[in-house]
Amino acid sequence: MKISYNWLKDYLQIDLPADQAAQVLTDIGLEVEKFEVTGGVEGGFEGLVVGEVLTAEQHPNADRLRVTTVNVGGEEPLNIVCGAPNVAAGQKVVVATVGTMLYPLEGDPFKIKKGKIRGEVSMGMICAEDEIGMGTDHDGIIELDTDAPPGTPVKEVIQLETDEVFEIGLTPNRSDATNHVGVAKDLAAALQILKGSDKKVVLPAVDGFKVSNNALPIAVEVQNTEACPRYVGVSISGVKVGESPEWMQKRLMAIGVRPINNIVDITNFILHELGQPLHAFDADKIAGNKVIVRCLPQDTEFVTLDEQTRKLHAEDLIICDGDNKPMCIAGVFGGLNSGVTEQTTNIFLESARFHPIRTRRTSARHLLRTDAAIRFEKGVDPNNCLYALKRAALLITELAGGAITSEVVDVYPTPVERPLVKVRYKRVNQLIGVDIPKDTVKNILTALDIQIQSEDEESLQVAVGTERADVLREVDVIEEILRIYGFNSVPIPETLKSSLSYSNKPDSDQLTRKIADLLVSDGFYQSMGTSITNSKYYEEGDNSIVPLMNSLNANMDVMRSNMLFSGLEAILHNQNHKQSDIRFYEFGKTYAQQEVENDGQSSIKYSEQTHLSLFLTGNLKTESWDGKTNKVSFFDLKESVQRVLSRLGIRSFQSQEADASHLAYGLTYQLGKQRPLVTFGSVKRTILKQFGIKNEVYYADIQWDQVLKVVKKQKTTYQEIPKYPSVRRDLAMLLDKEVAFGKIEAIAKSTVKQLLRNVNLFDIFDDESKLGEGKKSYAVSFLFQDERKTLTDKEVDKVMKKLIHRVQTELGAEIR
């Protein structure tokens, strides 16, 4: 949020340097994230000089252009081609010489260059108001009324009002500080307590508000007072829509608001002055001279100011005319056919309080994050609506003419009173950590306009202003006291207190970092996908998918139920940027819902699971002169999965073919009848085609929550380094193609439980012309070791005979 220091000082007459004011604001919780000095217009007129037009002749090749010579104080006058109709010899003008950067009111900044325009050399530019950001006029060039000699910098002739603009990082709870007056009140309170200042905020008077006649009465009916607790309106007739005065334009431009016309500018001015959004309707377009505040049927079409046709939700609060036709989305955005135009002469001015949550939902549904919606979401002060309306009406009659031609309509069925809060001195000192004198506490509350209703030796009964929508409890009031007392005024304790804490084992964060380090060392990069994804990736009718109630993006409307699709999106993004060799890992969450019955009543149960996903695609290594590049394979992924499990101490598990709808083939590892630890394999081509990915992708889904349960039950064991050598035996066998290596491994482990240390498949031969149809050859190594003695050949041969017999009888193997 931007705050103009000059604007703020319209209400608080102080001479405190801007940098000191910024520090005070930061100290009281209104953190000034950025502080800049502006010169009234962007660029501060740098490079612009006074020029004297010596000649102005018709361009020989263009009817609307003039060829001028302009004295800018140099040795020779400049030739400048100009399109302004009012350029003439003898004028003093603003000239942008070659190399000058211009910052127009609309469009991007640009640099003046030497060039030819329709065949004539042009060595600069004679400027209009909008071309240098000084105003909106583009009808002709600026004519200077000055005796300054040519070549004088324009910034010495046109005195710019400098301003300091604070960029404040406003927290969501500060509904009272969304405007200049609110910030001024906070600053005044701090200066009174911390600096002993006697300055107070003075609001503009509205005593001059007077109803001239009742020629244009417009009735108001609020059908939903919960969504609209207060609605105030008044009619103003005979206005003339035009340009705002210079002082108002400067105030708005200083905080980045573009001036439009006097009526719209006044509503924006009040928004940033008082924090109260206003809306001006063209009164002649209000059918039946009646405003109805209501909700319309689902999918009612409404054309908004941006010329977009939107379908309204049944919960959207709408401002309608007497024929129940929508004119405005309450608190969010106006309609195309009811707003103020240049032809408008009569207006109906609205000042209201709309429900924060409903406004937020409507704003999110229609993707309209307007300044008004942001204020209503935080909670505007319902007791400020009438003052803001009168303030705006007086400005309109002053700057746009006209007269107030109706009584003020004020629908406020249940006035909001100041909430009463009991504040105990003991609790103040306890929470803040320092004994604050009672008088200081009372002075702070008074400075913040928190009224003291009653008091005794132990406590105060206070009435909090309704502009502080968040201050409702004792602890909230104490927070306000601390802000103004000063965080820096609370002394740093001289003693350091500590306590022992018990953490559950295993430490999930520590394990996550350990595995992340392992994967990075193996060449993986971390991917971070969003938990929100596109429903089109999932099958229709899948009731386990968790939808979003208020999606801000039509392509991100559900919570992800697996890690695959967000990973494929990352792969596609990288492949589109010429990065096709990819190794990704991601720690993330998936979400699901399930309807459950409880005591005859159905309800939705939500679940959230943590996963570690791995993705491999492309080449195993980058192209190089020293070797052929190979594509990554299923076995590269398998090796990575096993390294992760091994690093976690999980070395014994059962393997079986994966039964996963998204995999063409793969494996599942699990322990007994427990949930699977990991499922991995090759992603189906149909899914890859849906994403536009051409390369094969290998994907592993490690159930991290299940892994942590297994790790928790494991005990760390130690064993002595073997003293005796190991013995290796190799076995080549002819098998049917459908026999997996896992079956050989399982037979070996069950046959030789004590001596077997490792089983490894080190060669595969698959040539049916030599082996026979449906056959393949495996070469498998077996590593044996006895911790008590050196194994003899006779002992190893005995074990191998048992192995050979079992693979022959159970797998139909032929030993080669």
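This text follows the structure it describes.
Residues numbered from 1 in each chain as written. Predicted model: local features only at pLDDT ≥ 70, side-chain atom pairs only at ≥ 80, totals over all residues. Heavy atoms only, no water.

## Observations regarding the overall build of the protein chain
Stage number 1. Each helix and strand in the protein chain was counted, giving 20 helices and 41 strands.
Stage number 2. Radius of gyration (C-alpha) of the protein chain: 38 Å, far over the 28 Å computed for a compact globule of 816 residues.
Stage number 3. Each principal axis of the C-alpha distribution contributes one length, and for the protein chain these read about 115 × 90 × 65 Å.
Stage number 4. Counting every position in the protein chain, which comprises 816 residues, the buried fraction comes to 46%.
Stage number 5. Sequence separation of 24 or more characterises 69% of the internal contacts of the protein chain that already satisfy a separation of 6 or more. (Helix = DSSP H or I, 4+ residues; strand = E, 2+ residues; numbered from the N terminus. Rg over C-alpha atoms; globule rule 2.2 N^0.38 Å. Buried < 20%, exposed > 50% of the residue type's maximum accessible area, 1.4 Å probe, protein only. Contact = heavy atoms within 4.5 Å.)

## Quick word on the sheet that holds strand β36 (residues 678-683)
Stage number 1. Overall, mixed pairing links the seven strands, which are arranged β28-β32-β33-β37-β36-β35-β34 in an open sheet. Only two strands of the sheet have a single neighbouring strand rather than two, namely β28 (525-526) and β34 (654-657).
Stage number 2. In terms of strand pairing, β28 meets strand β32 (residues 582-598) through two bridges, oriented parallel. Counterpart to Y525 in the pairing with β32 is F584.
Stage number 3. Lying over the sheet, helix α13 (residues 508-521) contacts β32 and β33 (601-617), oriented at roughly 140° with respect to β32.
Stage number 4. Set on the sheet, helix α14 (residues 564-576) makes contact with β32, β33, β36 and β37 (697-703); between it and β32 the angle comes to about 150°. (Pairing = 2+ DSSP bridges. Axes fitted to C-alpha atoms, helices over the stretch in contact; angles between N-to-C directions.)

## Brief notes about helix α6 (residues 262-274)
Stage number 1. Over its 13 residues, α6 runs 18 Å from end to end, which matches the ideal 18 Å to within 8%, given 1.5 Å per residue.
Stage number 2. Here α6 lies mainly inside the structure; eleven of its 13 residues are buried.
Stage number 3. Within the span of α6, buried status applies to N262, I263, D265, I266, T267, F269, I270, L271, H272, E273 and L274.
Stage number 4. Here α6 starts with a cap whose side-chain oxygen sits 3.1 Å from the backbone nitrogen of I263, and that cap is N261.
Stage number 5. A positive backbone phi angle near 80° is found at G275, which sits one or two residues after α6. (Expected span 1.5 Å × (residues − 1). Polar contact = N/O pair within 3.5 Å; in protein donor to acceptor, adjacent residues only side chain to side chain.)

## Brief notes about the sheet that holds strand β5 (residues 78-82)
Stage number 1. Strand order in the open sheet made by the five strands is β5-β4-β3-β6-β11, with antiparallel pairing throughout. The sheet is open, and its two edges are formed by β5 and β11 (124-126), each paired on a single side. Along the sheet, successive strands turn relative to each other by an average axial angle of 45°, direction set aside.

## Re the pairing of β36
Stage number 1. A large share of β36 lies buried, amounting to six of its six residues.
Stage number 2. With six bridges joining them, strand β35 (residues 663-670) and β36 adopt antiparallel strand pairing. Residue L663 lies in a different strand from β36, and its bridge partner there is V683.
Stage number 3. Both β36 and β37 contribute to a ladder of five bridges, which runs antiparallel. Across the sheet, residue G681 finds its bridge partner in β37, namely Y699.

## What about helix α11 (residues 438-447)?
Stage number 1. If you check which residues of α11 are buried, you get V441, I444, L445 and A447. Buried residues in α11, looked at end-on, bunch into an arc of 165°, giving them a common side. In this structure, α11 carries D439 and T446 as exposed residues pointing more than 90 degrees from its buried face.
Stage number 2. Looking one or two residues past α11, D449 carries a phi angle of roughly 60°, positive in sign. (Arc of directions from axis to C-beta.)

## Digging into the nonpolar core
A general trend in soluble globular proteins is that nonpolar side chains are found buried together.
Stage number 1. The biggest cluster of nonpolar side chains holds 47 residues, and the ones touching the most others in it are L25, F166 and L187.
Stage number 2. Counting residues per element, this core draws most heavily on helix α4 (residues 180-195), at seven residues.
Stage number 3. Apart from the residues lying within four places of it in its own chain, the contact partners of F166 are M1, K2, I3, Y5, A18, A21, A22, L25, V32, K34 and F35.
Stage number 4. F209, V232, A280 and I404 belong to the second largest nonpolar core, which has 34 residues in total. (Core = buried A, V, L, I, M, F, W, Y, C linked by side-chain atoms within 4.5 Å.)

## Describing the pattern of salt bridges
Stage number 1. Inspection of every chain in the model, using the stated rule, returns 39 salt bridges.
Stage number 2. A salt bridge links R174 to D186, with the shortest nitrogen-to-oxygen separation between them at 2.8 Å. Of this pair, R174 sits in the loop between β12 (163-168) and α4 while D186 sits in helix α4, placing them twelve residues apart in sequence.
Stage number 3. For R174, a relative accessible area of 4% translates into the label buried.
Stage number 4. Salt-bridge contacts for R560 lead to E586; the nearest nitrogen and oxygen are separated by 3.2 Å. On the criterion of sequence distance, the pair formed by R560 in the loop between β31 (558-559) and α14 and E586 in strand β32 is long-range, its members being 26 residues apart.
Stage number 5. For R560, a relative accessible area of 2% translates into the label buried.
Stage number 6. We classify E586 as buried; its relative accessible area is 2%.
Stage number 7. Each of R174, D176, D186, E467, R468, E480 and R483 takes part in one network of salt bridges that share partners. (Salt bridge = Lys/Arg side-chain N within 4 Å of Asp/Glu carboxyl O.)

## As for the environment of D321
Stage number 1. Its place among the elements puts D321 in the loop between β19 (317-320) and β20 (326-329).
Stage number 2. Here D321 falls in the buried class, since its relative accessible area comes to 6%.
Stage number 3. For D321 and V380, which are 59 residues apart along the polypeptide, the C-alpha to C-alpha distance reads 24 Å.
Stage number 4. Apart from the residues within four sequence positions on either side, D321 is in contact with K285, I286, A287, K290, I292 and M327.

Function cannot be inferred from these measures alone, as they are strictly geometric.
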